[in-house]
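Take a look at the letters that make up each chain.
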Amino acid sequence: NEVFSGIVGQGAWLNGRPMSTSGVRRTRDDVLCTDFPVSTDFSAGALGAFVDGVRAFKKIRLLGTAAQSLAYVASGRTDVYAERDIKIWDVAAGVAVLRAAGGKAIVKAGRQPMTRIVVGSNGRLPPAALASLSATPEETA
């Protein structure tokens, strides 16, 4: 029974009430949402890189949908969302609502057509704290 909406430059709302991102500024205090899309590389190297990228966070949650995870960052319920090789249609609306709520989103091309590497945050974390989550394989080599 929740409706998340937003217009970049005008604001974001949850059931018609204004919402904004959390005020957390350090990864050790952040709650990270993530998931593993169908095209996930489960090789030892890829999983090791995933663990390296998320170990700095206080908690990690897998909510089940990218849109819900981004909406939770937009509403301040969580602080960061990161996912690799997610289909663009799974994150497009969530990225817009997050940006409308004052958050930041990094969106890069994924390994396969129509996929993206997406990192959404409350907008208060230093870019270096999110770098490993948004790095492409070429950037980590």
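Residues numbered from 1 in each chain as written. Predicted model: local features only at pLDDT ≥ 70, side-chain atom pairs only at ≥ 80, totals over all residues. Heavy atoms only, no water.

**Some remarks on the pattern of salt bridges**
Point 1. Evaluated as defined, the whole model comprises four salt bridges.
Point 2. The salt bridge partner of Arg-77 is Glu-2, with a shortest N-O separation of 2.5 Å. Placement of the pair is Arg-77 in the loop between helix H2 (66–75) and strand S6 (80–87) and Glu-2 in the segment before strand S1 (4–7), with a sequence separation of 75 residues.
Point 3. Taking relative accessible area as the criterion, Arg-77 reaches 38% and is therefore assigned partly exposed. (Salt bridge = Lys/Arg side-chain N within 4 Å of Asp/Glu carboxyl O. Helix = DSSP H or I, 4+ residues; strand = E, 2+ residues; numbered from the N terminus. Buried < 20%, exposed > 50% of the residue type's maximum accessible area, 1.4 Å probe, protein only.)

**As for the packing of aromatic side chains**
Point 1. Tallied over the full model, the rule gives two aromatic pairs.
Point 2. On the numbers, 6.4 Å between centres and 45° between planes, the contact of Phe-4 with Tyr-72 is tilted. Here the residue Phe-4 occupies a position in strand S1, and Tyr-72 occupies one in helix H2, the gap between them amounting to 68 residues.
Point 3. The exposure class of Phe-4 is partly exposed, given its relative accessible area of 23%.
Point 4. Owing to a relative accessible area of 18%, Tyr-72 belongs among the buried residues under this scheme.
Point 5. Taken together, a centroid distance of 5.6 Å and an interplanar angle of 45° make the contact between Phe-36 and Phe-42 tilted.
Point 6. The ring of Tyr-72 is capped by Arg-77, whose NZ or CZ atom sits 4.8 Å from the centre of that ring. (Phe/Tyr/Trp six-rings, centres within 6.5 Å; stacked < 30°, edge-to-face > 60°. Lys NZ or Arg CZ within 6 Å of the ring centre and 35° of its normal.)

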